[in-house]
Amino acid sequence: MINGCLGIDVHIYSEMFCHLRPVRRLCLEKIFPHWFLSSRTLSGAEAVNALRPFYFAVHPDFFGQHPREREVNENSLKRLSVYLENLQKPGFRSLKPTPLTFYVRETEQNSSEGQEPFSTSGFRAVKFTLHTRDLLSTVLYILNSCSLSVEHIQSLNTNVHSAKRMSDRPIKWDKSYYYFTGFKDPHEDLEQVSRMETTLTSWLDNNGKSAVKKLKNSLPLRKELERLKDDLSHQLQLSDIRWQRSWGIAHRCSQLHSLGRLAQQNLETLKNAKGCTIIFTDRSGMSAVGHVMLGTMDVHHHWTKLFERLPSYFDLQRRLMLLEDQISYLLGGMQVVYIEELQPVLTLEEYYSLLDVFYNRLLKNRIPFHPRSLRGLQMILNSDRYAPSLHELGHFNIPSLCDPANLQWFILTKAQQARDNMKRKEELKVIENELIQASTKKFSLEKFYKEPSVSSKQMVDCCKRLLEQSLPYLKGMHLCISHFYSVMQDGDLCIPWNWKDGEAIK
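About the cut-offs
Residues numbered from 1 in each chain as written. Predicted model: local features only at pLDDT ≥ 70, side-chain atom pairs only at ≥ 80, totals over all residues. Heavy atoms only, no water. Pairing = 2+ DSSP bridges. Helix = DSSP H or I, 4+ residues; strand = E, 2+ residues; numbered from the N terminus. Contact = heavy atoms within 4.5 Å. Axes fitted to C-alpha atoms, helices over the stretch in contact; angles between N-to-C directions. Expected span 1.5 Å × (residues − 1). Buried < 20%, exposed > 50% of the residue type's maximum accessible area, 1.4 Å probe, protein only. Arc of directions from axis to C-beta. Phe/Tyr/Trp six-rings, centres within 6.5 Å; stacked < 30°, edge-to-face > 60°.

Quick look at the sheet that holds strand S3 (residues 240-243)
Sheets are built from strands that pair by backbone hydrogen bonding, the pairs being arranged parallel or antiparallel. Spatially, the 4 strands line up as an open sheet ordered S3-S4-S6-S5, and their pairing is mixed. Because the sheet does not close on itself, it has two edges, and the strands there are S3 and strand S5 (285-286). Pairing geometry for S5 and strand S6 (residues 292-295), over 2 bridges, is antiparallel. If you follow Gly-285 over to S6, its bridge partner there is Met-293. Packed on one face of the sheet, helix H12 (residues 300-330) meets strand S4 (277-281), S5 and S6 and runs near 155° to S6.

Considering helix H13 (residues 348-364)
In this model, H13 (17 residues) spans 25 Å end to end at C-alpha, consistent with the 24 Å of a helix rising 1.5 Å per residue. Looking only at H13, the buried set comprises Leu-348, Tyr-351, Tyr-352, Leu-354, Leu-355, Phe-358, Tyr-359 and Leu-362. Seen from one end, H13 has its buried residues packed into an arc of 160°, which puts them on one side. Those residues of H13 that are buried lie in contact with S5, H12, strand S7 (335-336), strand S8 (378-382), strand S10 (396-399) and helix H14 (404-442).

Re the packing of aromatic side chains
A complete count under the given rule lists 9 aromatic pairs for this structure. Plain terms: the ring middles of Phe-54 and Phe-102 are 5.0 Å apart, the flat faces sit at 85° to each other, and that makes the pair edge-to-face. A residue pair is termed long-range when its members are at least 10 positions apart, and Phe-54 in helix H2 (residues 52-58) and Phe-102 in strand S1 (residues 98-105) qualify at 48 residues. By relative accessible area, Phe-102 is classed as buried at 0%. Here the aromatic rings of Trp-243 and Phe-280 are separated by 5.7 Å at their centres, their planes lie at 20°, and the arrangement is stacked. With Trp-243 in strand S3 and Phe-280 in strand S4, this pair connects stretches of sequence that are 37 residues apart. Taken individually, Trp-243 and Phe-280 each receive the classification buried, so the pair is uniform in this respect. In this structure an aromatic cluster arises from ring pairing among Phe-54, Tyr-55, Phe-102, Phe-128 and Tyr-141.

If you want it as structure tokens, here you go:
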């Protein structure tokens, strides 16, 4: 039993906090509550419950007016989810340090001198690297990094069995939930919240004029953006210029101006990107599909080095394509694809490494597929799964470390279903495009699009219901089908694909 301030080997805890040093004698009770020193276990469900204040502080839905920060949090939450899942897998040993960046909703209680201030927008950037080896230390590290309280973890850790026995009881949310979200306690005002549920027409009535004003103000910048994009595409002979997500028009123009200045200084170097698609994103490199990624937080020096290295990237890309063909041959002609909307953002090096591991496993355990018997089918490769699965869109999700024998059985038994799913996908895509055109025409929309995370099935359902409505506010607007309501800073209207109407509320 550890009591008081004891001089112990602090390196035991260095895997949780990099600033602890084994040569120092520390009072651990000043760092952690006393109960942590005698308990190092936490279940997956308890970890999620313990991280609830963190999730509510960083949840992307609360960053609707800040698409860049929202996207950063979305990507970081995906990587965190994989990390937590891997911690719970038996025998998992190859856990690598995982750097994460989150934008945390700012309050006076969780501000810290060691974190980047972002008070003008009501949130701040927090960066940390996970290199823990158990759930409890991971949860504590995350909460401490974000300056969030850890006091509630004691009750989670000591009342596990009673919590499980009472799992069917209504959830009593932690007060931090209402603190960070600003929501009212449902126990105090549940009926009022129900009556105030947002409908599409009421939301458009309340926000339509604001969107029109923002859209009108953004028109000059939109024209400037198109001019800059066209000029740079022509000057560098690019296939396209894209953005990872819907950053504001002014932000995009600033990025293109920055690229334009670099082109004036190093035109010949930037011409190495001839024929490529440039995509502005969170880090620099070449993407798994061969796009030139320019990190928006990087300086010109980093961009220049990337353009200088493009010839070597092109060589790696050719090797990667050959590797995909070799895998396809071993799997009866099944095509290896990378679907940007459904897979995590990987660099070319990361994706090549993933393919190489899978290919070597196939070579060691030859699967007797008949040549070309699986032509027309598709697969994507994952590093965060153990069992293969079939996606509703028709492609196979194949873990890079799956058992070849199980893989053969799974593919053969699901091949026809995969073909049927792919056929339905193509039919659904045709219907989706027709409904998008019909909606654009009926409502006289200037632009009608969806977020990548919205499926064709969801988009079809949304459009069918929209076409039954009379929505004069939409005339001349930019409408985005998303998962939340928001008026973007440049006037684009975002509505959830499963929006509610007045009749549904009744």
